[in-house]
Amino acid sequence: MTTPILTCTGCGATKPEPDGAPTDLFPSAHCGNCPPWTCETCGQTCSATALCPCWISLDGMTTADIKAIFAGDGTFNVNPVSNP
Ligand SMILES: [Zn+2]
Ligand SMILES: [Zn+2]
């Protein structure tokens, strides 16, 4: 039985087991196996090593921070620390 959350939604590549990367927690839209793609938001060409400006960098974030961005119900919360 595969674990869908480990499968890249861009190219379908599936990790055999959790490896500590953010894609353990949510499926990646694009991964290192994906060919360069065109961003639907800004139209620029993106790749795994050269993301377009509108991608949020997860580099340096702790797992807790990443979990805070992605709420328990799967809703993407781009600003979890905001206090309106
Ligand atoms: Zn991929
Ligand atoms: Zn973009």
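Residues numbered from 1 in each chain as written. Chains lettered and ligands numbered in written order. Predicted model: local features only at pLDDT ≥ 70, side-chain atom pairs only at ≥ 80, totals over all residues.

Novice: I'm lost on the confidence of the model for the chain in this one. Help?
Specialist: Low pLDDT marks stretches whose predicted atomic positions should not be read closely. Taken as a whole, the chain shows an average pLDDT of 73; of its residues, 58% reach a score of 70 or greater. Strand 1 (residues 37-38) holds the highest mean pLDDT among the elements of the chain, 88, whereas helix 1 (residues 63-69) holds the lowest, 66. (pLDDT = per-residue confidence, 0-100. Helix = DSSP H or I, 4+ residues; strand = E, 2+ residues; numbered from the N terminus.)

Novice: Quick question: what am I supposed to make of the environment of Thr9 here?
Specialist: Positionally, Thr9 belongs in the segment before strand 1. The class of Thr9 is partly exposed, set by 14 C-beta atoms lying within 10 Å. Separated by 19 residues in sequence, Thr9 and Ser28 have C-alpha atoms that sit 6.1 Å apart. When residues no more than four places from it in sequence are discounted, the contact partners of Thr9 are Pro27, Ser28 and Ala29. (Buried ≥ 20, exposed ≤ 12 C-beta atoms within 10 Å, placed from the backbone. Contact = placed C-beta atoms within 7 Å.)

Novice: Would you mind showing me how to read the environment of Cys11 here?
Specialist: With respect to the helices and strands, Cys11 occurs in the segment before strand 1. Once the C-alpha coordinates of Cys11 and Ser28 are considered, the two residues, 17 residues apart in sequence, prove to be 9.7 Å apart. Residues contacting Cys11, with those up to four places away along its chain left out, are Cys31, Asn33 and Cys34.

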